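A closer look at the structure
So the chains spell out like this:
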Amino acid sequence: MSDLAGEPIERVLSKAPGNDAPIGGIKVMAKSGWFAARPSGTEDIYKIYAESFTSGEHLQRVLQEAQGVVDRAIASDPASPEAGAAAGP
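A few points on the structure.

**Some points on unusual backbone geometry**
- Positive phi values are uncommon outside glycine, yet Ala-5 reaches one of about 50°.
- Following the sequence through the fold, Ala-5 ends up in the loop between strand E1 (3–4) and strand E2 (7–15).
- Look at Ala-5 and you get buried, because its relative accessible area is 7%.

**A look at the sheet that holds strand E4 (residues 33–39)**
- What the five strands build is an open sheet, ordered E1-E2-E3-E4-E5; its pairing is antiparallel. The open sheet has two edge strands with one neighbour each: E1 and strand E5 (46–52).
- The pairing of E4 with E5 spans seven bridges and is classified as antiparallel. What sits directly across from Pro-39, in E5, is Tyr-46.
- Here helix H1 (residues 56–75) sits on the sheet and contacts E1, strand E3 (22–30), E4 and E5; the angle it forms with E5, its principal contact strand, is near 150°.

Rules used throughout
- Residues numbered from 1 in each chain as written.
- Predicted model: local features only at pLDDT ≥ 70, side-chain atom pairs only at ≥ 80, totals over all residues.
- Heavy atoms only, no water.
- Helix = DSSP H or I, 4+ residues; strand = E, 2+ residues; numbered from the N terminus.
- Buried < 20%, exposed > 50% of the residue type's maximum accessible area, 1.4 Å probe, protein only.
- Pairing = 2+ DSSP bridges.
- Contact = heavy atoms within 4.5 Å.
- Axes fitted to C-alpha atoms, helices over the stretch in contact; angles between N-to-C directions.

Interpretation in functional terms is not warranted from these geometric data alone.
Okay, structure coming up:
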């Protein structure tokens, strides 16, 4: 993945920028939006958070691409407890 909703990805984080602590997932950022994905602490699902700075349509595109990233990550790790579980918003 090199772009997010048609824009180059500027940053991908797996640690907090302030103290370098693990964030328990990833955050992918582009100029006009971002998404974060992490496993739920209480259910066998992944949670996706996203924001668009331009429009609702753009937000839907960010969410769709984020869902694809999560789906591929789950599929590539069949030993994961989340494998086969539905990803949720």
